[in-house]
Number of protein chains: 2
Amino acid sequence: MRNLRFDIAYDGTDFCGWQFQPRKPTIEGCLASVLKKILKDHTHLVASSRTDAGVHAAGQVANLRTGSPIPCCNLQRALNDALPLSIRINGVQEATPDFHARYDAKAKIYRYRILQVRIPSPFIARFAHHVPRALDRSRMAKAARLLEGEHDFTSFAASDPASGEPGNHSESSVRRIFMSRIFWRPRTSILVYEVRGSGFLYRMVRNIAGTLLEIGLGKLEPDEMARILESRDRARAGPTAPARGLCLVKVEY
Amino acid sequence: MRNLRFDIAYDGTDFCGWQFQPRKPTIEGCLASVLKKILKDHTHLVASSRTDAGVHAAGQVANLRTGSPIPCCNLQRALNDALPLSIRINGVQEATPDFHARYDAKAKIYRYRILQVRIPSPFIARFAHHVPRALDRSRMAKAARLLEGEHDFTSFAASDPASGEPGNHSESSVRRIFMSRIFWRPRTSILVYEVRGSGFLYRMVRNIAGTLLEIGLGKLEPDEMARILESRDRARAGPTAPARGLCLVKVEY
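Report follows, based on the coordinates.

Rules used throughout
- Residues numbered from 1 in each chain as written.
- Chains lettered and ligands numbered in written order.
- Predicted model: local features only at pLDDT ≥ 70, side-chain atom pairs only at ≥ 80, totals over all residues.
- Heavy atoms only, no water.
- Helix = DSSP H or I, 4+ residues; strand = E, 2+ residues; numbered from the N terminus.
- Rg over C-alpha atoms; globule rule 2.2 N^0.38 Å.
- Buried < 20%, exposed > 50% of the residue type's maximum accessible area, 1.4 Å probe, protein only.
- Contact = heavy atoms within 4.5 Å.
- Areas by Shrake-Rupley, 256 points an atom, 1.4 Å probe, with all protein chains shown as cover.
- Lys, Arg positive; Asp, Glu negative; His and termini not counted.
- Charge placed at Lys NZ, Arg CZ, Asp CG, Glu CD.
- Pairing = 2+ DSSP bridges.
- Buried area = accessible area lost by both parts, 1.4 Å probe.
- Salt bridge = Lys/Arg side-chain N within 4 Å of Asp/Glu carboxyl O.
- Polar contact = N/O pair within 3.5 Å; in protein donor to acceptor, adjacent residues only side chain to side chain.
- Arc of directions from axis to C-beta.
- Least-squares fit on C-alpha atoms with pLDDT ≥ 70 in both.

### Brief notes about the overall build of chain A
- Tallying secondary structure elements over chain A gives 5 helices and 10 strands in all.
- In terms of overall dimensions, chain A is globule-like: its C-alpha atoms have a radius of gyration of 19 Å, near the 18 Å expected for 253 residues.
- With respect to the principal axes defined by its C-alpha atoms, chain A has extents near 55 × 40 × 30 Å.
- In chain A, which comprises 253 residues, the share counted as buried stands at 57%.
- Considering only contacts in chain A between residues 6 or more positions apart, those separated by 24 or more positions represent 72%.
- Working note: accessible area of chain A is about 11100 Å², and carbon and sulfur atoms make up 50% of it.
- Within chain A, the 25 negative side-chain charges are centred at a point lying 5 Å from the centre of the 38 positive side-chain charges.

### Digging into the pairing of strand β10 (residues 246-252) of chain B
Residues and elements named next belong to chain B.
- Among the 7 residues that make up β10, 5 are buried, leaving the element largely enclosed by the rest of the structure.
- Where strand β5 (residues 107-115) meets β10, 6 bridges bridge the pair, whose relative direction is antiparallel. What sits directly across from Ile-109, in β10, is Lys-250.

### Some thoughts on the interface of chain A and chain B
- Counting from both sides, the interface comprises 25 residues of chain A and, opposite them, 25 residues of chain B.
- Contact with chain B buries surface across chain A, with Leu-85, Pro-122 and Phe-123 of chain A losing the most and accounting together for 35% of the total.
- Viewed at the interface, chain B and chain A are joined by 0 salt bridges.
- Linking chain A to chain B there are 0 residue pairs in polar contact (both at pLDDT 80 or more).
- Every element with two or more residues in the side of chain A that touches chain B is listed here: β1 (2-10), β3 (56-66), α2 (72-82) and β4 (87-95) of chain A.

### Focus on helix α2 (residues 72-82) of chain B
Residue and element names in this part refer to chain B.
- Looking only at α2, the buried set comprises Cys-72, Leu-75, Gln-76, Leu-79 and Asn-80. Across the axial projection of α2, the buried residues extend over an arc of 125°, all falling on one side. For α2, the exposed residues set more than 90 degrees away from the buried face come down to Arg-77 and Asp-81.
- Tucked into the core, α2 has its buried residues touching β1 (2-10), α1 (27-39) and β4 (87-95).

### A word on the relation of the copies chain A and chain B
- Least-squares fitting of chain A to chain B yields an RMSD of 0.0 Å, with the transformation described by 0.0 Å of translation along the axis and a rotation of 180°. Such a combination of rotation and displacement between the chain copies is what one expects of a two-fold axis.
- In this assembly, 100% of the residues forming the interface of chain A have copies in chain B that are likewise at the interface, indicating an isologous arrangement.

Dropping the structure here:
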């Protein structure tokens, strides 16, 4: 059996997330049905993250085991020919037999984009959360930095209905955040929250983004971020920011 | 009666063009149903161009007459609240009583975007035509310039099934092209064909883009552009380039 690694980008807008659901458009469902035709194999894709409905990816990674002898470059071409333009396979390569896209991930980078214009362009609106009100970026940057390091992120975790993962206390909610910062792209008026961490709980980045927005709007003080973390209480953090702003940028192994 | 001017942007991907069609998603249909609720008026929108299915607009202009007293800024806000994010109203203003978005247009600018990468990003794919093969940009630029001036564009006109406009010889196919050029955006690997003219026949820009692509690929010589114009024969020009690459950028009055 070969173990193949796939590097995948997608516009998540019109999908009900990564994970297969009967009779619903999902990234996994779409990929699996195309892979089945090409590989003539019963296949199970493992993704680094099962991104939520509406969330995008520029650098999702998945792997699967197959007995098919099809060369990687032919498989990539056949997949891109058959998939909708909203899903692109940027690479297919042979992985070591034990490579596991989810368990072997050392770090992931997510970006949350906030569009700071009065009227959002329809060419950007699918990929950013529109916030016309002024945001205090230095307050947001200060709060974002407080998340760096190893913390229990229970306050930012929603319970995942599909997996029984953290949020329901079945495993640790401690994660290490290597980098958590805010930057501003003046040309497009997009405020970006970028976070690189060892792993993320269900909806954690969107819950952090929602909290940073409250801080940027002056509803919460930047220092409150530390107290929200300590409280281990989801009710203390801000609301979940909309999925459209979130993108899984890169997975590191 | 007031005469209102609307500046409109849209992602045309999921619409069957500007013009109303029963039981089909169209820009006009979507706008008209929202306007009817807000203005409580029987309204008829006139657009500068009835863009085709899948074609985008950054600066479409339309006007309508209404007896409603609603202030322009309230109308703009109510429209943007009710419309999908794929359609945005960038401005609403009082126009002179005789302003007509279509007949008064002095010039229009269109851009046709060609994405020159091996694998198109799903974040750009809706708004550009993907051509992975190398294109000779200087040949395309030379051919593009040959279109400047006043010409009979019959060779680049398709017959418009909806209107009986040029293509079926019911009126002149002569148009003045003020500017016709190719430029390259290295950061995004997008080749742009930009054209500014007094008016355009049905599918004219896409037929020009398709011909420029044949020239860029070496299938036609740049000088052939002049002979295609002279021939007044649609069969001599290249195929119609896909709608996704085309955007109505600006209308001048």
